Amino acid sequence: MTPHMLRHTFATHLVKRGMRFDIIQLLLGHEDYKTTRVYTRFFEQLQKEEYDLWM
């Protein structure tokens, strides 16, 4: 477990719980939204994989 992994897990958890994107960006200290966008794309991929399992 590294600090980066912990940070990524924290951000992914916030996305899963529906926290607003701008708040996550603020909490992580990202100046550029593209940096934070990585977490939402990761979550979207997880959702797709979960959906594919059930269909």
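Throughout what follows, the structure given in this document is the object of discussion. (Residues numbered from 1 in each chain as written. Predicted model: local features only at pLDDT ≥ 70, side-chain atom pairs only at ≥ 80, totals over all residues. Heavy atoms only, no water.)

In this structure the tally under the stated criterion is two salt bridges. The partner of Arg20 in a salt bridge is Asp22, with the nearest N and O atoms 2.7 Å apart. Judged by relative accessible area, Arg20 falls into the exposed class, the value being 52%. (Salt bridge = Lys/Arg side-chain N within 4 Å of Asp/Glu carboxyl O. Buried < 20%, exposed > 50% of the residue type's maximum accessible area, 1.4 Å probe, protein only.)

To continue, consider the packing of helix α1 (residues 3–16) against helix α3 (residues 33–54). Taken N-terminus to C-terminus, the directions of α1 and α3 make an angle of 65°; their axes are 9 Å apart at the nearest point. When the axes of α1 and α3 are compared, the pair comes out roughly perpendicular. The interaxial crossing formed by α1 with α3 has right-handed handedness. On α3, the residues touching Arg7, His8, Ala11, Thr12, Val15 and Lys16 of α1 are Tyr39, Thr40, Phe42, Phe43 and Leu46. (Axes fitted to C-alpha atoms, helices over the stretch in contact; angles between N-to-C directions. Helix = DSSP H or I, 4+ residues; strand = E, 2+ residues; numbered from the N terminus. Parallel < 35°, antiparallel > 145°, perpendicular 65-115°, else oblique. Left-handed = near helix turned anticlockwise from the far one by under 90°. Contact = heavy atoms within 4.5 Å.)

On the surface, a cluster of nonpolar side chains totalling about 330 Å² of accessible area is made up of Phe10, Met19, Ile23 and Leu27. Mapping Met19 onto the fold places it in the loop between α1 and α2 (21–28). Residue Met19 is classed as partly exposed on the basis of its relative accessible area, which comes to 34%. (Patch = residues over 30% accessible without salt bridge, like charges linked within 9 Å, V, L, I, M, F, W, Y side chains within 5 Å. Areas by Shrake-Rupley, 256 points an atom, 1.4 Å probe, with all protein chains shown as cover.)

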